[in-house]
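Below are the chains, spelled out letter by letter.
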Amino acid sequence: MDKEQRHTTYRKFETFRVNGAAHAITAPIRAIQHTAHPTSVQTGKLQELQEQTNKWMILVLAAASSFMTTLDSSIVNIGLPSIARTFHTGIGGATEWIIIGYLVVIAAVLLTFGRLADIIGRKSIFMTGLVVFILGSALSGLAPSLLLLILARLFQGLGGALIFSVNVAMITSTFPSHERGLALGLNAVVVALGVAAGPTIGGIITQYLTWRWIFYVNVPICLLVLLAAFSFYREPHPRREQRERFDPLGAIVLAIGLAALTLGLSFGQEWGWLSAGTLAALGTSLLMLSVGVYVESHVEHPILNLGLLSNRVFAFANISFVLCMMALFAPGFLLPFYFEQLRGFSTIQTGLMLTPLPLMLAIFAPLSGSLADRWGSRWLSPVGLALACLGLFLLSQLNAQTAPWDIIWRLAVTGIGQGLFMSPNTRTMMGAAPRTAQGEASGLLATGRVLGQSMSGALVGTAFAALGGATAGTLLSSPQAHNLPLTSIIALQNTFVSSFHAALLVCAAFAALGIFTALARGNEAAVKKVNTPQTH
C-alpha cells in the first residue's frame, strides 16, 4: 500500500472513530430527545399543566376576594349598634351612611372599572382593588369620628367595586366553557358561606373584641390574597386590532345616574317616597341615565356597549338576575325580625335558623353549574326560579306558632331554587359576552346585584312598614310588651304576620316574573356560535 493509500485509509478510520465517538457521546441526549419527540408535545404538556394550575389559582383568588367582600357587608350590619354607641348617635340617620355610602360608591363605579379592566387588564384592576380595600379597612378601624369612618367606608367601597367588577370575569375568561359552570358554582359556594358566616363572625368579634376589629380582620386576609395574586396570577394578553380609548364623559354621567338611583332607593322609605330628597335623587338618576344612553350611543369606545344589551340572551339573563336579587335579598333582612321580634329567638338561634338557605345554595350551586356545563342552562334557570318562588310562597305562610322544622324545610326549598338558578344564569350571561367585553359584562352583573338588592330592600321594606309590621315588631320586642293585655299582643302579632306575608308574596311575585324572563332569553347555543371566533 503506497503512502497516499495509507493516508486515505487512515483518514477514513479517524473519521469513523471520531464520528463513532461523537455518536456514542451524544446517544443519551438523542435518546432523551427521541423519548420526548416531538419537542412540542413536552412543551404542550407543560403549558397545559401551567394553565390548569393557573385557572384554579385564579378561582381561589376570585373566590377569596368574593368571600371577604361579602363577609364585610354582612358583619358591618351586626356592628352598627356598637358603632352608634361609640359615637353617641342613633342607629338611623348618619350612621346608615356606613352601609349605604359603601353601596352607593360601588354602584357608581362598577361599570367604569369593568370597562377599564377590558382595556388595561383584569389583574391590574384586581390587585389595585385589594390594596384600596386593605387601606380602607384599616382606616375604617382607626376612624376617630363618625364622619371619618363614613369617608373611610366610601374609600373602601372603591376597593370593593374594583374587586367586584372583575372577579366573575377572571373566572369566565380563564375556564373553558365545559368547566365554567362548575367554577362559577364553586365561587357561589364561597359567597354563600360569606353570607351565612357574617352574622356569627360579626357577633363574636363585636362581643369579645370591639367593632373596630370588624374592619381590621380584612387586613391580614386580603394581604395574603394580594401576595398570592402578585406571585401566581398569570393573565394572558389578547392581541387587539386597535387601541381602545377610555370614555370619561360616559363614566361620569353613568356614575352620577347609578349613584343617585341607589341613594334614592336606599333612603326612600326613611325620607318618604314623595319627599324632596327622594324625588331629587330619583329625578337626577332618570336624567343622567338618559343622557348616559345618548352619550354611549355616540362614542366610538363607550363605557357601556349598548350592543351588548341588545343581545337578547345577555339582556334577559341580566334581567332575570336582577329579579332574583329582588326576590331573594329581602327575606334575608325580614326573617331576623320574624325570629327575634315575633318568636323571641336569641341571636344565635336566629343565625342557626337562617343557615338552611345559604347551605342549600352552597350545595346546589356547583351541582347546577356542572349540569349546565354538560347540558346547557336553558331550563335550569327557570326551574330554579320556580322552586325559589314556591319556597317564598311557603315562607309567606309562616305564623307565630310554626314549628322550627316547618321553617327549616321551607328555607331549604328556597335555597335549592336559588342554587339551581345562580350558576347557570351567570354562565349564560358571561358566555353571551365576547371575550374582549368580559370585564364590562362582569361590571354589569355586579351592578345588577347592587341595584336588585337596593330595590328589594326599598320595595319590600316599604310594604312591610306601610302595613304596620315594623311598628308591631318594635312593640312586641320592647320591655313594655310585658305590660300589654293578651288581646293587644295577639293583635300586634296578627298585624306583624299579615305584613310579613304580604312582603314575602311581593318577593314571590318578583321570582315568578323572573321565570318568564329566563324562558324569554331563548337558546344560548346561537350565542355560542356567534362568539366562538372571538374566543380563539
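Residues numbered from 1 in each chain as written. Predicted model: local features only at pLDDT ≥ 70, side-chain atom pairs only at ≥ 80, totals over all residues. Heavy atoms only, no water.

Some details on helix α19 (residues 469–476)
Put simply, the rule is: Relative accessibility thresholds used throughout: buried, under 20% of the residue-type maximum; exposed, over 50%; partly exposed, between the two (1.4 Å probe, protein chains only). Secondary structure elements are defined from DSSP: runs of H or I of at least 4 residues count as helices, runs of E of at least 2 residues count as strands, and each element is numbered from the N terminus. Along the arc lie the directions from the helix axis toward the C-beta atoms. We call two residues contacting when some pair of their heavy atoms lies within 4.5 Å.
Along α19, the positions that sit buried rather than exposed are G469, A472, G473 and L476. One side of α19 holds all its buried residues, which, seen down the axis, span an arc of 100°. Residues of α19 that are buried make contact with α13 (330–342), α18 (438–466) and α20 (486–520).

Some remarks on the side chain of D247
Quick reminder of the rule: Only four residue types enter the tally: Lys and Arg on the positive side, Asp and Glu on the negative side; His and the chain ends are excluded. Throughout this description, the term salt bridge denotes a Lys or Arg side-chain nitrogen within 4 Å of a carboxyl oxygen of Asp or Glu.
Within the secondary structure, D247 sits in the loop between α8 (218–232) and α9 (248–271). Buried and unpaired, D247 has R115 as its nearest opposite-charge partner, separated by 7.7 Å. Beyond its immediate chain neighbours, meaning those up to four positions away, D247 contacts V295, E296, V299, H301, P302 and I303.

Comments concerning the nonpolar core
Basically, it comes down to this: By nonpolar core is meant a set of buried Ala, Val, Leu, Ile, Met, Phe, Trp, Tyr and Cys residues that side-chain atoms within 4.5 Å join together.
Within the largest apolar cluster, 114 residues are counted, with the highest numbers of intra-cluster contacts made by L61, F126, M170, F314, Y338 and F500. Excluding its chain neighbours within four sequence positions, the residues that come into contact with L61 are F126, M170, V225, A228, A229 and Y233.

As for the confidence of the model for the chain
Stated precisely, the cut-off is as follows: pLDDT runs from 0 to 100 and stands for how confident the predictor is about each residue.
On average, residues of the chain score 80 in pLDDT, and 85% of them are at 70 or above. Of the regions scoring below 50 in pLDDT, residues 1–36 engages in 4 contacts with residues more than four places distant in sequence or in other chains. In the model, residues 526–536 has pLDDT below 50 throughout and makes 13 contacts with residues more than four positions away in sequence or in other chains.

Considering the packing of aromatic side chains
Definition in use: Classification of ring pairs uses Phe, Tyr and Trp, with its six-membered ring standing for Trp, and accepts pairs whose centres are within 6.5 Å; under 30 degrees between planes counts as stacked, over 60 as edge-to-face, and the remaining range as tilted.
Inspection of every chain in the model, using the stated rule, returns 11 aromatic pairs. Aromatic side chains F339 and F345 sit 5.6 Å apart centroid to centroid with 10° between the ring planes, which places their arrangement in the stacked category. An identical accessibility class is assigned to F339 and F345; each is buried. Clustering of aromatic rings is evident, with ring pairs tying together Y338, F339, F345, F464, F496 and F500.

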